[in-house]
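Architecture at a glance
The residues making up each chain are set out below.
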Protein chains: 2
Amino acid sequence: MTPRDAPVEETPHPTSGLNDVVHQKARLGILAVLAETERADFTYLKSMLDLTDGNLGRHIEVLAGSGLVHVEKGYAGKRPRTWVTITRAGRHALAEEMAAIRELLRRFEGNEPPTP
Amino acid sequence: MTPRDAPVEETPHPTSGLNDVVHQKARLGILAVLAETERADFTYLKSMLDLTDGNLGRHIEVLAGSGLVHVEKGYAGKRPRTWVTITRAGRHALAEEMAAIRELLRRFEGNEPPTP
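Calculation notes
Residues numbered from 1 in each chain as written. Chains lettered and ligands numbered in written order. Predicted model: local features only at pLDDT ≥ 70, side-chain atom pairs only at ≥ 80, totals over all residues. Heavy atoms only, no water. Pairing = 2+ DSSP bridges. Helix = DSSP H or I, 4+ residues; strand = E, 2+ residues; numbered from the N terminus. Expected span 1.5 Å × (residues − 1). Buried < 20%, exposed > 50% of the residue type's maximum accessible area, 1.4 Å probe, protein only. Contact = heavy atoms within 4.5 Å. pLDDT = per-residue confidence, 0-100. Axes fitted to C-alpha atoms, helices over the stretch in contact; angles between N-to-C directions. Salt bridge = Lys/Arg side-chain N within 4 Å of Asp/Glu carboxyl O.

1. Overview of the pairing of strand E2 (residues 69–76) of chain B
Residues and elements named next belong to chain B. Bridge count for E2 against strand E3 (residues 79–86) is eight bridges, and the pairing is antiparallel. Bridge assignment links Ala76 to a residue of E3, and that residue is Arg79. Hairpin connection from E2 to E3: two residues lie between these consecutive antiparallel strands, with Gly77 at a positive phi of about 65°.

In structure tokens form, the structure reads like this:
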């Protein structure tokens, strides 16, 4: 056991590099799906990510507000349909999140459980 | 571009495997630091994770409420000090989160950008 009681590291923990807008579970899911499909409709995202209408709508709004996705409303035949597309900034933010969690994972895997 | 408009996959997206209690940025940081140090005091966590008193306290409460950390109040000389220890359940939950983000990363890295 190595109790720590005083700041000893100057560099912040890798989790400090995580961006809440992108890291949040539902939003990370939305961006990850869109990175694969380029654009997807509301119904597809809802089913892929197992989210309610309200929840998905709210998280898409946050992402759109940060310029990470673009929302288009249109029709498929007579049925209204909402399309969501990932923007360049969205791809960039997702890549940064993935780099941050890769770093976190590397640190986690490099740490053996402390010996007593 | 591969637009998707209907559910085509039966298996949920890897982000569905993320547990909000552990995935949330500050709480993930707390657990990751504690996994390395076994236990840490409030001040150390605050400085490592760049959190305010209120924020750190709130997230520790959530983790303690789920049995993932254990909180002990004591003294170092005359100064009150709060120690936080990761529990077995906390180590397990962190390992599951790391497995989920490893899967997410593998999927992200395995996906080439879609060709037009």
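Having seen the model, we can carry on.
2. Quick look at helix H5 (residues 88–110) of chain A
With 23 residues, H5 of chain A extends 33 Å from end C-alpha to end C-alpha; this agrees with the ideal 33 Å at 1.5 Å per step. Among all positions of H5 of chain A, only Gly90, Ala93, Leu94, Glu97, Met98, Ala100, Ile101, Leu104 and Leu105 of chain A are buried. If you follow the buried residues of H5 of chain A, they end up packed against helix H1 (20–23), helix H2 (25–37) and strand E3 (79–86) of chain A together with helix H2 (25–37) and helix H5 (88–110) of chain B.

3. Some remarks on the environment of Ala95 of chain A
Looking at the element boundaries, Ala95 of chain A is found in helix H5. Residue Ala95 of chain A is classed as partly exposed on the basis of its relative accessible area of 35%.

4. Quick word on the confidence of the model for chain A
In the predicted model, chain A carries a mean pLDDT of 87, and 87% of its residues have values of at least 70. Taken together, the chains of this predicted complex give a pTM of 0.83 and an interface ipTM of 0.79.

5. What to know about the sheet that holds strand E1 (residues 39–41) of chain A
Residues and elements named next belong to chain A. Ordered in space as E1-E3-E2, the three strands form an open sheet in which the pairing is antiparallel. The open sheet has two edge strands, E1 and strand E2 (69–76), and neither has a second partner. Here the average twist between neighbouring strands, direction ignored, is 25°. Set on the sheet, helix H3 (residues 42–49) makes contact with E1 and E3; between it and E1 the angle comes to about 90°.

6. Quick look at the pattern of salt bridges
Evaluation of the coordinates by the stated rule reveals 14 salt bridges over all chains. For Glu109 of chain B, the salt bridge goes to Arg102 of chain A, with nearest N and O atoms at 2.8 Å. With one member in each of two chains, Glu109 of chain B in helix H5 and Arg102 of chain A in helix H5 form a pair that bridges those chains. We classify Glu109 of chain B as partly exposed; its relative accessible area is 44%. Exposure remark for Arg102 of chain A: the relative accessible area of 29% places this residue in the partly exposed category. In this structure, the salt-bridge partner of Glu103 of chain A is Arg106 of chain A, at a minimum N-O distance of 3.0 Å. With Glu103 of chain A and Arg106 of chain A both in helix H5 and three residues apart, the pair spans about one turn of that helix.

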